[in-house]
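# Results of the structural survey
In case you want the letters, here they are:
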Protein chains: 2
Amino acid sequence: MSIVPAVIEELAEHFARFPGVGRKSARRMAFYLLEQPREDVLNLAKKLVDVKDRISRCPVCNHITEEIPCRICSDPKRDAGLLCVVEDSMDVFSIEKTASFRGRYHVLGGLISPLDGVGPDDLAIDSLIPRMESVREIIFAVNPSVEGDTTAFYMKKLVADRDIKLSFLARGIPMGSDLEYIDEATLTRALEGRTEL
Amino acid sequence: MSIVPAVIEELAEHFARFPGVGRKSARRMAFYLLEQPREDVLNLAKKLVDVKDRISRCPVCNHITEEIPCRICSDPKRDAGLLCVVEDSMDVFSIEKTASFRGRYHVLGGLISPLDGVGPDDLAIDSLIPRMESVREIIFAVNPSVEGDTTAFYMKKLVADRDIKLSFLARGIPMGSDLEYIDEATLTRALEGRTEL
């Protein structure tokens, strides 16, 4: 009797699959939409379809894009000899925001994770290998994690026979942070990687 | 150059309007959907439209419903003489889950809040007044807040000339809580409303 109408529960179930959304928040979202003008909800529904229809993967770098190839790959002003390899497209946007990288990207679409059954074949490695021919440096820019280290190790093997410099993002103390609150692993890395004044 | 594609930003803006969703989470949701199979996303879009098309307000109690009147209002086993007045439909579901209320509901659709410009005319009061003719008790079950108290005061005036008992949810210490962590206002209320063993 008089539980939540099925269609609302079904919508909430969709939202509950979103990253960082629990069952209660998902239901609150469904109720929120119920209160919105019909036009707004139809608009959101249209946007969802739009995103799937208009966004695809760049065949060169695997970054999400509306144009093919993507704007970074087709920009002659970007250094084609310097490649930044990242886990996903979010990382591209993060690095682009710094405005301090003028090379190009390669989006792996994941990291090697034997525990999750993710091997090199599941990543965009096939499209990376031909690009290596014209590259002098690869910056491997992934989050510090076991999967990141595993993938880094694999990258190292890939470039071993080639004349490519492989570099990593510096690990250390983030700007504006307080030594008191830094975890020991980060502090250890910062000490090991200390630079001269 | 190469910022996030507009269609993704637009979708993220929609999500950022959801309750409890910040800009970063909204963008993460948009990216999440981008990774999902096309069919799943179309399904979600359809569900959104479905919710708006199939759910309406019960003309009797203002609760959200797929049937008209709603299942609670049309259930002859529910006590029509006992009315629980709540702020929104979420509250109906919360009370129904307790399975300890067998009366009917009236969903106000908000609370009186002069600061936000919400007056009695903005609530489902028009449909509440005729129902009062056949009611012997109204349980006013709203969250403890200034708006709740203001609306309670208004309800009190509404039932003043009628032979209706107006009751409120008991305020006190929640089950399973620890006196040490209860705020003073709640503890004061619990002392004031103490019951004999």
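Above this text sits the structure in question.
Procedures and definitions
- Residues numbered from 1 in each chain as written.
- Chains lettered and ligands numbered in written order.
- Predicted model: local features only at pLDDT ≥ 70, side-chain atom pairs only at ≥ 80, totals over all residues.
- Heavy atoms only, no water.
- Helix = DSSP H or I, 4+ residues; strand = E, 2+ residues; numbered from the N terminus.
- Rg over C-alpha atoms; globule rule 2.2 N^0.38 Å.
- Expected span 1.5 Å × (residues − 1).
- Buried < 20%, exposed > 50% of the residue type's maximum accessible area, 1.4 Å probe, protein only.
- Disulfide = S-S within 2.5 Å.
- Contact = heavy atoms within 4.5 Å.
- Buried area = accessible area lost by both parts, 1.4 Å probe.
- Salt bridge = Lys/Arg side-chain N within 4 Å of Asp/Glu carboxyl O.
- Polar contact = N/O pair within 3.5 Å; in protein donor to acceptor, adjacent residues only side chain to side chain.
- Nonpolar A, V, L, I, M, F, W, Y, C, P; charged D, E, K, R; others polar.
- Pairing = 2+ DSSP bridges.
- Axes fitted to C-alpha atoms, helices over the stretch in contact; angles between N-to-C directions.
- Least-squares fit on C-alpha atoms with pLDDT ≥ 70 in both.

Right, let's get into the overall build of chain A. Within chain A one finds six helices and six strands. If you list the helices and strands of chain A from N to C, you get α-α-α-β-β-β-α-β-β-α-β-α. Computed over C-alpha atoms, the radius of gyration of chain A comes to 22 Å, more than 25% over the 16 Å expected from 2.2 N^0.38 for 197 residues, which places it beyond the range of a compact globule. The principal-axis extents of the C-alpha atoms in chain A amount to approximately 70 × 45 × 35 Å.

Before going further, it helps to spend a moment on helix α2 (residues 23-35) of chain B. With 13 residues, α2 of chain B should cover 18 Å at 1.5 Å per step; its first-to-last C-alpha distance of 19 Å lies within 8% of that length. Looking only at α2 of chain B, the buried set comprises Ala26, Met29, Ala30, Phe31, Leu33 and Leu34 of chain B.

With that settled, consider the state of the cysteines. All chains considered together, the criterion is met by zero disulfides over all chains. In this structure cysteine 61 of chain A is a free cysteine whose sulfur lies 3.6 Å from that of cysteine 73 of chain A, the closest cysteine sulfur available. No disulfide involves cysteine 84 of chain B; its sulfur sits 11 Å from the nearest other cysteine sulfur, which is in cysteine 61 of chain B. Overall, cysteine 84 of chain B belongs to the buried group, its relative accessible area being 3%.

Okay, the interface of chain B and chain A next. Many authors give the size of an interface as the accessible area that is lost as the parts come together. Taken together, the 52 residues of chain B in the interface contact 52 residues of chain A. Counting the surface lost from both chain B and chain A, the interface buries some 5200 Å², and carbon and sulfur atoms represent 74% of this. Summed over the shared surface of chain B and chain A, the result is six salt bridges. Joining chain B to chain A, the criterion identifies twelve residue pairs in polar contact (both at pLDDT 80 or more). Contributions of two or more residues to the side of chain B that touches chain A are made by α1 (6-16), α2, α3 (38-54) and α4 (89-98) of chain B. A breakdown of the residues in the side of chain B that touches chain A according to their chemical character gives 30 nonpolar, five polar and 17 charged.

Residue and element names in this part refer to chain B. Pairing within the open sheet is parallel, and its four strands lie in the order β4-β3-β5-β6. Every interior strand has two partners, whereas the edge strands, β4 (103-107) and β6 (165-168), have only one. Averaged over all pairs of adjacent strands, the angle between their axes in this sheet comes to 25°, without regard to strand direction. Pairing of strand β3 (residues 79-86) with β4, which is carried by five bridges, proceeds in the parallel orientation. Counted as the bridge partner of valine 86 is valine 107 from β4. Sitting on the sheet, α4 touches β3 and β4, and the angle it makes with β4 is about 160°.

On to the pattern of salt bridges, then. Residue and element names in this part refer to chain A. Applying the stated criterion across every chain yields a total of 24 salt bridges over all chains. For arginine 54, the salt bridge goes to glutamate 66, with nearest N and O atoms at 3.1 Å. With a gap of twelve residues between them, arginine 54 in helix α3 (residues 38-54) and glutamate 66 in the loop between β2 (64-65) and β3 (79-86) connect regions that are remote in the sequence. Owing to a relative accessible area of 41%, arginine 54 belongs among the partly exposed residues under this scheme. Given the relative accessible area of 33%, glutamate 66 is considered partly exposed.

Moving on: the relation of the copies chain B and chain A. Of the transformation placing chain B onto chain A, the axial shift is 0.0 Å and the rotation is 180°, giving an RMSD of 0.1 Å. Expressed as a symmetry operation, the mapping of one chain copy onto the other fits a two-fold axis. By C-alpha distance to the rotation axis, the residue of chain B lying nearest is alanine 45 of chain B, at 2.1 Å. Of the interface residues in chain B, 100% have counterparts in chain A that sit at the interface too, so the contact is made through matching surfaces.

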